[in-house]
Every structure is written in C-alpha cells, then in structure tokens.
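# Notes for the structure review
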Amino acid sequence: QVQVVESGGGLVQAGGSLRLSCAASGRTFSTYAVAWFRQAPGKEREFVAGITRNGASTYYADSVKGRFTISRDNGKITVDLQMNSLSLEDTAVYYCAAKSTPFTRRYFRGADEYDYWGQGTQVTVSS
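An account of the accompanying structure is given in this report. This one's a predicted model, so the numbers in the text were calculated from it and none came from an experiment. (Residues numbered from 1 in each chain as written. Predicted model: local features only at pLDDT ≥ 70, side-chain atom pairs only at ≥ 80, totals over all residues. Heavy atoms only, no water.)

## Structural notes on the state of the cysteines
Within the structure shown, the criterion is met by 1 disulfide. In this model C22 forms its disulfide with C96; the gap between the sulfur atoms is 2.0 Å. Across the S-S bond of C22 and C96 the torsion is about -80 degrees, and the bridge reads as left-handed. One end of the pair, C22, is in strand 3 (residues 18–25); the other, C96, is in strand 9 (residues 92–100), with 74 residues separating them in the sequence. Look at C96 and you get buried, because its relative accessible area is 0%. (Disulfide = S-S within 2.5 Å. Helix = DSSP H or I, 4+ residues; strand = E, 2+ residues; numbered from the N terminus. Buried < 20%, exposed > 50% of the residue type's maximum accessible area, 1.4 Å probe, protein only.)

Dropping the structure here:
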C-alpha cells in the first residue's frame with residue numbers, strides 16, 4: 001500500500017501561481033498513473049489533471065486547460081501541478097490520487113478508478 005502526501009497549497013491572489021507536489025511515501029510513482037482532483041465547498045470532487053504512468057501523456061479538465069500543467073520527474077518520485085493564472089473559482093481542497101496499473105499509456109479520469117488518495121491541501125485564491 002502506498003501513502004500519498006500532498007504539499008504546496010496556500011493563499012494566493014487572483015492571477016497568481018502555485019505549485020503543488022505529490023509524493024508517494026517510501027516508494028516511487030513509477031508503476032502508478034497519477035491525477036489531481038479538487039473539491040470546493042458544497043461541490044462534488046472533480047477531476048483536474050492526470051498523467052500516465054510513463055509520463056508521456058497528460059490530460060486536463062477544460063476549466064484548467066492552458067493554465068495548469070501536471071508533470072512527473074525522471075525518477076518518478078513526485079508528481080507536480082503547476083497552477084498559473086489562478087482565479088477565485090480555483091479555490092478548493094486539492095487531492096492527489098494514484099492508481100497502480102500495468103498500462104503505461106492509459107489514463108483515468110474517474111475518482112472511483114483511483115486506489116490511493118492523499119489528505120488534501122487547501123488552495124485559496126483571493127481577490
């Protein structure tokens with residue numbers, strides 16, 4: 001079993017940037033597809049961005065496309081989410097999720113497809 005730990009949340013003004021990081025405690029993400037989800041108060045958890053196990057493909061929700069970038073390092077130790085041009089609508093708790101998969105190029109958008117979740121990190125965008 002893997003423990004997923006997020007870091008990097010905080011308070012930022014609208015138009016600013018934040019970088020979130022996700023790490024797998026005690027191991028690498030090399031055999032996992034990884035994604036970021038978020039949940040705003042009173043709303044359902046929604047998919048934000050994902051990256052395939054081999055890191056060759058990334059995919060995004062329409063609401064963040066062109067502003068957010070998901071990436072993983074060569075050693076597949078962390079998966080980061082660079083968030084630019086943040087708006088008030090991006091305020092939410094952001095969760096990192098990991099799925100063990102033998103498929104290097106498959107991607108997964110559903111929250112119920114992921115096996116491991118972090119505790120979440122708060123991102124608050126102020127005006």
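## What to know about the environment of S21
Within the element layout of this structure, S21 appears in strand 3. With 14 residues separating them along the chain, S21 and S7 place their C-alpha atoms 5.2 Å apart. Discounting residues that sit within four places of it in the chain, S21 has contacts with V5, E6, S7, W36, T78, V79 and D80. (Contact = heavy atoms within 4.5 Å.)

## Details of the nonpolar core
In this structure, W36, L81, M83 and Y94 are the most contacted members of the largest nonpolar core, which totals 37 residues. When residues in this core are grouped by element, the largest group, 6 residues, is from strand 4 (residues 32–39). Other than its neighbours up to four places away in sequence, Y94 contacts E6, L20, W36, F37, R38, V48, F68, L81, M83, G120, T121 and V123. (Core = buried A, V, L, I, M, F, W, Y, C linked by side-chain atoms within 4.5 Å.)

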